[in-house]
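# Fold and geometry: a report
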Amino acid sequence: MSGAEAMQSIGLAPFVLGPKEGLALLNGTQVSTALALTGLFGAENVFASSLMSGALSLEAIQGSIKPFDARIHAARGQPGQMAVAGAVRALLEGSEIIPSHPDCGRVQDPYSIRCIPQVMGACLDNMTHAARVLVIEANAASDNPLVFTDTGEVISGGNFHAEPVAFAADILALAISEIGAIAERRIALLLDTGLSGLPPFLVHDGGLNSGFMIAQVTAAALASENKSLAHPASVDSLPTSANQEDHVSMATFGARRLGDMVNNTAVVVGIEAMCAAQGIELKRGLKSSPLVEAEFAKIRTQVAYLERDRYLAPDIEAVRQWALAADLPAVLTNILPSHLQGATP
């Protein structure tokens, strides 16, 4: 519907602009800030979904909970790392699988499992910093010149320069890329029978069936695409307007590409969740925690167990949407920047 129809439907009258107000709505960092905030919220969703898919993978390979011990993370003191470790511990509370393999012979899990708090915690810290910058910017006067009514002065400055937004978008890009990168490595781990102890490619009758092999190729391709997209936009600048605008932030592109990156990472995280659910079912016996089992059941309503090869595109689309929706337990969503108390000034 048109904007006029939408406003009328909820009883709002159009805002009548006064002198200079139209330009003020266009002349600052509004577009780049809005795009960056959209990217932030998408990053939060795939981040939380990745913690869930990572927990599913940990259970599928019968990994250890010991690397999530609070004392390890307190010894380092990084806030995001401590928050992630605590969230995963809460997520796995009550698992029957974790205490069932104390003498399995595996000394340590691969980094993609063992270092979830360190990697995802760093991503969370980046997201938290970006959120702080963007909340300030969303409430900022970024027009030029600025009219100070208390003194009647009109002063030209540079608040339109979106460098803070560009930097925030760039660190969000790093986080989004790494969320997908570590999830892809866990997919590879699940498919590798020598590391996971699961059937090759998570399917019986290997050779006749290729299982999730091509799904992992899809995840690897998208994770690699994100590596290119994660190149910082803010280091680029081309002068325009007869060199009056001789240094620019490139914030709008930096923020706009976050949408593509979030979508790529959602596919990767969704594929991990699909593979981990398959791995858990291949070893079905004991149950995981109530929170993980509830999410496993939800995934199974969207994606069936893979008995033999089938066309996986509809399944991948279903888990992509699962990852983007992030309808997850509060132990995960409560650590997200937009959910924290005091997130706005």
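Relevant structure appears above.
The notes below deal with the structure included here.

## Here's the deal with the overall build of the chain
- For the chain, the count of helices and strands is 14 helices and two strands.
- With the principal axes as the frame, the chain shows a C-alpha extent of 75 × 45 × 45 Å.
- In the chain, which comprises 345 residues, the proportion classed as buried is 45%.
- Summarising the internal contacts of the chain: among those between residues at least 6 apart in sequence, 80% fall at separations of at least 24.
- Carbon and sulfur atoms make up 59% of the accessible area of the chain, which amounts to about 16,800 Å² in all.
- For the chain, the distance from the average site of its 21 positive side-chain charges to the average site of its 34 negative ones is 9 Å.

## Describing the pattern of salt bridges
- Applying the stated criterion to the full structure yields 11 salt bridges.
- Across the salt bridge formed by Arg 300 and Glu 281, the nearest N and O atoms sit 2.7 Å from each other. Within this pair, whereas Arg 300 is found in helix H12 (residues 290-302), its partner Glu 281 is found in helix H11 (residues 251-282), the two being separated by 19 residues in sequence.
- Using a relative accessible area of 17% as the deciding quantity, one classes Arg 300 as buried.
- Here the residues in one salt-bridge network are Glu 295, Lys 298 and Asp 327, joined through shared partners.

## With respect to the state of the cysteines
- According to the stated counting rule, one finds zero disulfides in the structure shown.
- Cysteine Cys 115 is unpaired, with the sulfur of Cys 123 as its nearest cysteine sulfur at 13 Å.
- On the basis of relative accessible area, Cys 123 is assigned to the buried category, the value being 4%.

## Considerations on a nonpolar patch on the surface
- On the surface, Phe 15, Leu 17, Leu 25 and Leu 26 cluster together to form a nonpolar patch covering roughly 490 Å² of accessible area.
- Note on Leu 17: relative accessible area 42%, which makes it partly exposed.

## Some points on the packing of aromatic side chains
- Per the counting criterion, the structure on display carries zero aromatic pairs.
- Over the aromatic face of Phe 296 sits the side chain of Arg 284, whose NZ or CZ is 4.8 Å from the ring centroid.

## A few points about the side chain of Ser 289
- By secondary structure assignment, the location of Ser 289 is in the loop between H11 and H12.
- Each residue touching Ser 289, except ones within four places of it in the same chain, is listed here: Glu 59, Leu 91, Leu 92, Glu 93, Gly 94 and Ser 95.

## Concerning the side chain of Glu 137
- Inspection of the secondary structure puts Glu 137 in helix H7 (residues 116-138).
- Arg 132 is the oppositely charged side chain nearest to the buried, salt-bridge-free Glu 137, at an N-O distance of 10 Å.
- Those residues in contact with Glu 137, other than ones at most four positions away along the chain, are Thr 29, Thr 33, Ser 142 and Val 165.

## Structural notes on helix H10 (residues 213-229)
- The end-to-end C-alpha distance of H10 is 25 Å, a good match for the 24 Å that 17 residues give at a rise of 1.5 Å each.
- Those residues of H10 hidden inside the fold are in contact with helix H8 (163-191) and H11.

## Description of H8
- With 29 residues, H8 should reach 42 Å at 1.5 Å per residue; the first-to-last C-alpha distance of 42 Å fits that figure.
- Judged by how many residues are buried, H8 sits mostly within the fold: 23 of 29 residues are covered.

Definitions and cut-offs
Residues numbered from 1 in each chain as written. Predicted model: local features only at pLDDT ≥ 70, side-chain atom pairs only at ≥ 80, totals over all residues. Heavy atoms only, no water. Helix = DSSP H or I, 4+ residues; strand = E, 2+ residues; numbered from the N terminus. Buried < 20%, exposed > 50% of the residue type's maximum accessible area, 1.4 Å probe, protein only. Contact = heavy atoms within 4.5 Å. Areas by Shrake-Rupley, 256 points an atom, 1.4 Å probe, with all protein chains shown as cover. Lys, Arg positive; Asp, Glu negative; His and termini not counted. Charge placed at Lys NZ, Arg CZ, Asp CG, Glu CD. Salt bridge = Lys/Arg side-chain N within 4 Å of Asp/Glu carboxyl O. Disulfide = S-S within 2.5 Å. Patch = residues over 30% accessible without salt bridge, like charges linked within 9 Å, V, L, I, M, F, W, Y side chains within 5 Å. Phe/Tyr/Trp six-rings, centres within 6.5 Å; stacked < 30°, edge-to-face > 60°. Lys NZ or Arg CZ within 6 Å of the ring centre and 35° of its normal. Expected span 1.5 Å × (residues − 1).

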